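# Analysis of the macromolecular model
Residues per chain are reported as follows:
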Amino acid sequence: MKTPFLAAFAALVAALLLCAAPVLPAQAHTSLKSSDPQKNAQVKTLQKVTLEFADSVQFPVVVVRGEDGKRYEKGDPVVDGPKVTEAVTEPVPPGRYTIAWRVVSPDGHPLEGEIPFTVVGDQSVGAATSAAVPGDTSSASAPAAAAPATASAARADDGGQKGVPGWIWAVIFGIAGVGIGMFLSLRKKP
């Protein structure tokens, strides 16, 4: 009587390990390597925004917002592997700006963050330009980038990732199938 139970339990453990093995390497998320303009930089003019990530990304949303809340991005962002480029409307008047970005990493995890910078116009650019943003790996658990970015993100996601990824459904149905099989094999036969 114990032999079928142990065999069924071993089959369940083996099925769970086989289902979980391909998922384990997918837990690494990409990060923002650099940006142009850089975080807290002072620039004379702004013609485009470039974000470079450690890995290729999907479904980018980039919002360039001034202090007054006015948006300056023009068109949809262009993705070239790990690089995302967004054109801006010209001319961009001097002032403080924020780049709010949101992308989806290769493992399906959304990432977002903000990059503040200043357009100084014809004035000389000060030495306040900081290094690249290697430590800026803001994730979805960070505060939302901005209300306009959230609305744009919903629009960008309409073309692809909705709801639960397919591999999760495969794991759920696989486990359910093993459970049903165990139930049918362990019930008493008349």
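Residues numbered from 1 in each chain as written. Predicted model: local features only at pLDDT ≥ 70, side-chain atom pairs only at ≥ 80, totals over all residues. Heavy atoms only, no water.

Let us now look at the overall build of the chain. In terms of regular secondary structure, the chain is built from three helices and eight strands. Reading the chain from its N terminus to its C terminus gives the helix and strand order α-β-β-β-β-β-β-β-β-α-α. A burial count over the chain gives 28% of its 190 residues as buried. Here the chain displays about 11,400 Å² of accessible surface, and carbon together with sulfur accounts for 61% of that area. (Helix = DSSP H or I, 4+ residues; strand = E, 2+ residues; numbered from the N terminus. Buried < 20%, exposed > 50% of the residue type's maximum accessible area, 1.4 Å probe, protein only. Areas by Shrake-Rupley, 256 points an atom, 1.4 Å probe, with all protein chains shown as cover.)

This brings us to the confidence of the model for the chain. On average, residues of the chain score 74 in pLDDT, and 69% of them are at 70 or above. Note on residues 125-161: pLDDT is under 50 here. Beyond four places in sequence and across chains, it has 77 contacts. (pLDDT = per-residue confidence, 0-100. Contact = heavy atoms within 4.5 Å.)

Next up on the list: the environment of glutamate 90. For glutamate 90, the position within the fold is in the loop between β6 (83-88) and β7 (95-104). For glutamate 90, a relative accessible area of 56% gives the class exposed. Each C-alpha atom of the pair glutamate 90 and lysine 74 lies 9.2 Å from the other, and the pair is 16 residues apart in sequence. Apart from residues lying up to four places away in sequence, glutamate 90 is in contact with Leu46 and Gln47.

Turning our eyes to something else, we now look at unusual backbone geometry. Keep in mind that most residues, glycine aside, have a negative phi and that most peptide bonds are trans. Between aspartate 36 and proline 37 the backbone carries a cis peptide bond, its omega angle lying at 10 degrees. Counting through the fold element by element, proline 37 comes out in the loop between β1 (32-36) and β2 (42-43). Despite not being glycine, phenylalanine 59 has its phi angle at roughly 50 degrees, a positive value. When you line up the elements, phenylalanine 59 lands in strand β4 (residues 58-66).

Before going further, it helps to examine the nonpolar core. Residues Leu46, Val49, Leu51, Phe53, Trp101 and Phe117 are the most contacted members of the largest nonpolar core, which totals 21 residues. Secondary-structure elements contributing two or more residues to this core are β3 (48-53), β4, β6, β7 and β8 (110-119). (Core = buried A, V, L, I, M, F, W, Y, C linked by side-chain atoms within 4.5 Å.)

Scanning all chains against the criterion turns up four aromatic pairs. Summarising the aromatic geometry, the rings of tyrosine 72 and tyrosine 97 are spaced 5.4 Å apart at their centres and angled 80 degrees between planes, so their arrangement reads as edge-to-face. In this pair, tyrosine 72 sits in the loop between β4 and β5 (73-80) while tyrosine 97 sits in strand β7, placing the two residues 25 residues apart along the sequence. We classify tyrosine 72 as buried; its relative accessible area is 6%. A connected cluster of aromatic rings, assembled from ring pairs, spans Tyr72, Tyr97 and Phe117. (Phe/Tyr/Trp six-rings, centres within 6.5 Å; stacked < 30°, edge-to-face > 60°.)

Here the focus is the sheet that holds β5. Spatial ordering of the open sheet is given by β1-β3-β6-β5, a layout of four strands whose pairing is antiparallel. Sheet topology places β1 and β5 at the edges, where each strand pairs with a single neighbour. Adjacent strand axes in the sheet meet at a mean angle of 15 degrees, parallel and antiparallel pairs treated alike. Bridge count between β1 and β3: four bridges; the pairing is antiparallel. (Pairing = 2+ DSSP bridges. Axes fitted to C-alpha atoms, helices over the stretch in contact; angles between N-to-C directions.)

With that settled, consider the sheet that holds β4. Pairing is mixed across the open sheet formed by four strands, whose spatial order is β2-β8-β7-β4. The sheet is open, and its two borders are formed by β2 and β4, each paired with just one other strand. As paired elements, β2 and β8 share two bridges and run parallel to each other. Note on β8: the bridge partner recorded for glutamine 42 is threonine 118.

The next subject is the pattern of salt bridges. Side chains that carry opposite charge are capable of pairing whenever their charged atoms lie near each other. Throughout the structure, instances matching the rule amount to four salt bridges. Between glutamate 112 and arginine 102 there is a salt bridge; the shortest N-O distance is 3.6 Å. Here glutamate 112, found in strand β8, pairs with arginine 102, found in strand β7; they are 10 residues apart in sequence, far enough to count as distant. Residue classification places glutamate 112 among the buried positions, given a relative accessible area of 12%. (Salt bridge = Lys/Arg side-chain N within 4 Å of Asp/Glu carboxyl O.)

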